[in-house]
Amino acid sequence: MFSTIVTDDTGSKLAVLEKVKCLNDINSTTDIIVVSTDAQPSEFTTGMWVQAPTMVEGLLKAGSLAASKRILVMSSAVSFEPADLARLIAELDTREIREQTIVVPTSEEGLAGIPDMSASQIFNSISKTDMWPLVFVATSRFALSAMGEEDAKSVTELLSQAIIRSVADGDTIRLSTMITTGITSSALESLAEMSDDARSRMLKATVDAFNIEELFPNHNWVSYSQESAAASYHSIAALFLRFGDAEAAAECLDCSERLEESPRYFALQGLIHKQKGETLGAVASFVSSLQCYEARKVNNGKHYITFKPSNLEVVNSRLVDGLNALNKRDNDSALSHFSEAVFNFDPFYAEHGVLSSEKSRP
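Worth saying up front: this structure is predicted, and the values here are computed from it rather than measured.

1. Section: the nonpolar core
Okay, so step 1: By size, the foremost hydrophobic cluster in this structure holds 81 residues, and its most contacted members are Leu268 and Tyr349.
Okay, so step 2: In terms of residues, this core owes the most to one element, helix 10 (residues 225-242), which gives eight residues.
Okay, so step 3: The residues contacting tyrosine 349, other than those within four sequence positions of it, are Pro263, Arg264, Ala267, Leu268, Tyr293, Val342, Phe343, Val354 and Leu355.
Okay, so step 4: Within the second largest apolar cluster, 32 residues are counted, among which are Phe2, Ala77, Phe80 and Ile89.

Following this line, the structure appears as structure tokens:
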């Protein structure tokens, strides 16, 4: 059996009461809990009403009060046929408790895309996807209990992180389309769109939950374990920078520095300095990066990652322009030229969306 939590995401008393009546009529759940920032209406007579300052706090409290180990969380914004819901819950009852089920919602634009949260794809999903439509999810009391109020700022973000952590612990994810759950595009966007801050928190949760080898399985871990680990931390740092989290990026670079001296390390340090407004520090880091790239143009067999600029003439031209700007004490121009030289040396920065402040999104 399931405990069911209805999240009052629309502020519509009628929408909430309709969901509660439907759940009560099919008599397929052990208990019904509503989470809301509003007070309990007089018409609510079935189940438990949890009022909290935030929906995240309310969901966590509801999870702790749930009678069943398995929990079905649904947004009041979704619509469905009662018979379909009864069939879905009956099917979910046959599943293992360590299986997380995401019901794929349907808007005017069709079935919503659910990001791949497997270990090998979660980094790419966080990097490339800002819509995480987790508005109807079967999870567990244990998964919710592992979360804290400081972890997320929305119900969708909390559920996403809980599932990511569960997958790292060995749970599986199943997508279900056996029930048509309708939701308006505007409601889906409001509930499912993740800000850069939210994606940064999700990335932190991912890095904490998984081994780094699981997140980047395509690196040459057997022959170049340290270089592979450093390259992985560089990718994570670049994504943190794209999300505007210089502090988290710096922590990643601290880890990579102990593994390998890489031109990407210095360039990312330069981007951190630039984000903090430290122009001279940024210039020095980009110059160090260019020197390191120059030394790594020829692979001596000690590395498996090779750096071959697509247009060395552009790199050299930018380098000369940067030196001329330094001689004129024009640090801002020097920074621009040196950083562009680095970006032309290695496609890594374009691939991770951190070319410059003007090109900080993919």
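2. With respect to helix 14 (residues 312-327)
Okay, so step 1: Taking 1.5 Å per residue, 16 residues should reach 22 Å; helix 14 reaches 23 Å between its end C-alpha atoms and fits that length.
Okay, so step 2: Among the structural elements, helix 15 (331-345) are those in contact with the buried residues of helix 14.
Okay, so step 3: At the exit of helix 14 stands arginine 329, carrying a positive phi of roughly 60 degrees.

3. Notes on the side chain of serine 125
Okay, so step 1: Within the secondary structure, serine 125 is located in helix 4 (residues 122-128).
Okay, so step 2: A relative accessible area of 8% means that serine 125 is categorised as buried.
Okay, so step 3: Within the structure, the side chain of serine 125 is placed 2.6 Å from the backbone oxygen of aspartate 116, a separation counted as a polar contact.

4. Re a nonpolar patch on the surface
Okay, so step 1: Nonpolar side chains collect at one region of the surface, where Leu319, Leu323 and Leu326 lie side by side and expose about 210 Å² of accessible area between them.
Okay, so step 2: The topology assignment puts leucine 323 in helix 14.

5. Focus: the pairing of strand 4 (residues 70-75)
Okay, so step 1: Of all the six residues making up strand 4, six are buried; the element is thus mostly covered by neighbouring parts of the structure.
Okay, so step 2: Neither face of strand 4 is left uncovered, since the one carrying Arg70, Leu72 and Met74 and the one carrying Ile71, Val73 and Ser75 both have all their residues buried.
Okay, so step 3: Pairing between strand 1 (residues 2-7) and strand 4: five bridges, direction parallel. Bridging from a neighbouring strand, threonine 7 pairs with serine 75 of strand 4.
Okay, so step 4: Bridging between strand 4 and strand 7 (residues 136-140) involves five bridges; their strand directions are antiparallel. Bridge pairing in strand 7 places arginine 70 opposite serine 140.

Criteria and thresholds
- Within each chain, residue numbers correspond to sequence positions counted from 1 in written order.
- Predicted model: local features are reported for residues with pLDDT of at least 70 only, side-chain atom pairs are reported and counted for 80 or more only, and whole-chain, interface and lining totals are derived from all residues.
- Hydrogens and water are ignored here; the side-chain numbers use all heavy atoms of the structure.
- Residues enter a nonpolar core if they are buried and are Ala, Val, Leu, Ile, Met, Phe, Trp, Tyr or Cys, with the set joined through side-chain atoms within 4.5 Å.
- Burial classification: accessible surface area is computed with a 1.4 Å probe over protein chains only, and a residue below 20% of its type maximum counts as buried, one above 50% as exposed, and the rest as partly exposed.
- Segments assigned H or I by DSSP are reported as helices when at least four residues long, segments assigned E as strands when at least two residues long, and all are numbered from the N terminus.
- Note on contacts: a residue pair is in contact if any heavy atoms of the two residues lie within 4.5 Å.
- One less than the number of residues in a helix, times 1.5 Å, gives the span that helix is expected to have.
- Pairs of N or O atoms within 3.5 Å make up the polar contacts considered here, provided that, within protein, one atom can donate a hydrogen while the other can accept it, and that residues adjacent in sequence are counted only when both atoms are side-chain atoms.
- Only residues above 30% relative accessible area that lack a salt bridge enter a patch, with like-charged residues linked at up to 9 Å and the nonpolar side chains Val, Leu, Ile, Met, Phe, Trp and Tyr linked at up to 5 Å.
- Only the protein chains shown count as covering a residue, and every accessible area follows the Shrake-Rupley method with a 1.4 Å probe.
- Salt bridge, as applied in this entry: a Lys or Arg side-chain nitrogen positioned within 4 Å of an Asp or Glu carboxyl oxygen.
- Two strands qualify as a pair provided that DSSP identifies no fewer than 2 bridges between them.

Geometric values such as these leave the question of function open.
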